[in-house]
Amino acid sequence: MRPLLFSIAYRILSSVGEAEDAVQEAWLRYDASTTRPVSAKAFLSATVMRIAIDVPRSARMRREEYVGPWLPEPLLDDPYEDPARAAELADSVSMAALLLLERLSPLERSVFVLREVFAFGFDEIAAAVGRSEAACRQLLVRARRHMNEGRPRFEADRQERQELASRFFEALAQGDVDGLQSLLSADVQLIGDGGGKAPQLAKAVAGAENVARLLATVYPLMARVDITFEPHEVNGQPGAVFLDRDGKVLHILALDVLDGQIQTIRSVINPDKLGHLGPVADAWAIDQEVKQARKRRPTPRCR
């Protein structure tokens, strides 16, 4: 039951910590109930949804004051598993999908997640959000329209997607500009989220040549100060976890793959969004090390 509740809450909140808090609060309310509901699943799902709906109101205000681009907290493993719908579930938890969900109202988001992702009946959804079934159907129509206007469709072939990601990370490690550029779409974007608490890009970098040259310059320098990376799915899409010499998490990189090319690269380095993954590296100190490494020895020419 907990995996389902967490997966619902995370898709509403885009935050691992807030989703875990919502699940814990839902269980506390269930335990405190003087009568046992007919369906524990229905009760707990409705409760966690109501709790999650209330959070975005304050979270949205915090994001309006956020420094730089805002991205969801990275999720390495979705605890809710359904082999028959694995691809659909991975799509719904991608950073691109979560950013689109952010555009919806809390009620639209809730109805969309319960119906489209977890296939709840309209009677269950109505009970969860406190609206009539007819109202929920209208909310779903609006939510679908907004989501379909901008929702990407990722590579269906998981193996092809992973092979492209492997080539990307190999070229990244080598500082291979041409190799990187060949894997990027012409209008690719590189977006970094530091939240003002870690070094980050001042703004999004766009265009295959610009992104390839930036990556091929930065990552060989990071390797000089013992930064390594481990390929790993991030929010259901190809990505990697970057670690310092002590094995602490420095940042997360996530790739959006479509039509055999990388469309968007997202980097989360805000330490507040990485703590659930383990000890977090000192990004400012590493930034200084990288600058010193650049001064000591020129960057190798990229192929």
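Visitor: What is the right way to look at the overall build of the protein in this model?
Guide: A tally of helices and strands in the protein yields 12 helices and six strands. Radius of gyration (C-alpha) of the protein: 21 Å, near the 19 Å computed for a compact globule of 303 residues. Among the 303 residues that make up the protein, the fraction classed as buried is 50%. Carbon and sulfur atoms make up 50% of the accessible area of the protein, which amounts to about 14,500 Å² in all. Of the charged side chains in the protein, 39 are positive and 43 negative, and the gap between their average positions amounts to 4 Å.

Visitor: I keep staring at the pairing of strand β5 (residues 249-258) and nothing clicks. Help me out?
Guide: Residues in a regular strand point their side chains to alternate faces of the sheet. By the criterion of burial, β5 is predominantly enclosed, with nine of the 10 residues buried. Sheet analysis places strand β4 (residues 239-243) next to β5, joined by five bridges and oriented antiparallel. In the sheet register, Phe242 faces β5, and the bridge partner there is His251. Turn length for the β4-β5 hairpin, with the two strands adjacent in sequence and antiparallel, is five residues, and the turn residue Gly247 shows positive phi of about 80°.

Visitor: Would you explain the packing of aromatic side chains in this entry?
Guide: Centre distance and the angle of the planes are the two values used to describe a pair of aromatic rings. Going through the model one piece at a time under the given rule, you end up with eight aromatic pairs. Measuring from centroid to centroid gives 5.3 Å for Phe169 and Phe229, while their planes differ by 40°, and the two rings are tilted. Here the residue Phe169 occupies a position in helix α9 (residues 158-174), and Phe229 occupies one in strand β3 (residues 228-231), the gap between them amounting to 60 residues. Cluster of aromatic residues (ring-pair linked, three or more members): Phe168, Phe169, Tyr219, Phe229 and Phe242. Sitting over the ring of Phe120, Lys41 keeps its end group 5.4 Å from the ring centre.

Visitor: For this particular structure, what's the right way to read the sheet that holds strand β1 (residues 184-193)?
Guide: Strand-to-strand pairing in sheets goes through backbone hydrogen bonds, with the strands running parallel or antiparallel. A sheet is described by the order of its strands in space; here six strands give the open sequence β2-β1-β6-β5-β4-β3, paired in mixed fashion. Taken across any chain shown, the strands that pair with only one partner, and hence form the sheet edges, are β2 (205-206) and β3. Of the pairings in the sheet, the one linking β1 to strand β6 (residues 261-268) comprises six bridges and is parallel in character. Along β6, the bridge assignment pairs Gly192 with Ser267. α9 rests against β1, β3, β4, β5 and β6 of the sheet, and its axis sits at about 130° to β5. Contacts from helix α11 (residues 208-224) reach β1, β2, β4, β5 and β6 within the one sheet, and its direction differs from that of β1 by about 50°.

Visitor: Looking at this model, I keep getting lost on the pattern of salt bridges. Mind explaining?
Guide: Between side chains of opposite charge, a pair can form as their charged atoms come close. This model, assessed by the stated rule, comprises 13 salt bridges. A salt bridge links Glu88 to Arg85; the shortest N-O distance between them is 3.3 Å. Ionic pairing is found between Glu233 and Arg161, a salt bridge with its closest N-O pair at 3.3 Å. Here the residue Glu233 occupies a position in the loop between β3 and β4, and Arg161 occupies one in helix α9, the gap between them amounting to 72 residues. Its relative accessible area of 5% is what places Arg161 among the buried residues.

Visitor: I keep staring at the environment of Glu88 and nothing clicks. Help me out?
Guide: Note that Glu88 resides in helix α4 (residues 86-92). Considering only alpha carbons, one finds Glu88 and Ile227, 139 residues apart in sequence, at a separation of 33 Å.

About the thresholds
Residues numbered from 1 in each chain as written. Predicted model: local features only at pLDDT ≥ 70, side-chain atom pairs only at ≥ 80, totals over all residues. Heavy atoms only, no water. Helix = DSSP H or I, 4+ residues; strand = E, 2+ residues; numbered from the N terminus. Rg over C-alpha atoms; globule rule 2.2 N^0.38 Å. Buried < 20%, exposed > 50% of the residue type's maximum accessible area, 1.4 Å probe, protein only. Areas by Shrake-Rupley, 256 points an atom, 1.4 Å probe, with all protein chains shown as cover. Lys, Arg positive; Asp, Glu negative; His and termini not counted. Charge placed at Lys NZ, Arg CZ, Asp CG, Glu CD. Pairing = 2+ DSSP bridges. Phe/Tyr/Trp six-rings, centres within 6.5 Å; stacked < 30°, edge-to-face > 60°. Lys NZ or Arg CZ within 6 Å of the ring centre and 35° of its normal. Contact = heavy atoms within 4.5 Å. Axes fitted to C-alpha atoms, helices over the stretch in contact; angles between N-to-C directions. Salt bridge = Lys/Arg side-chain N within 4 Å of Asp/Glu carboxyl O.

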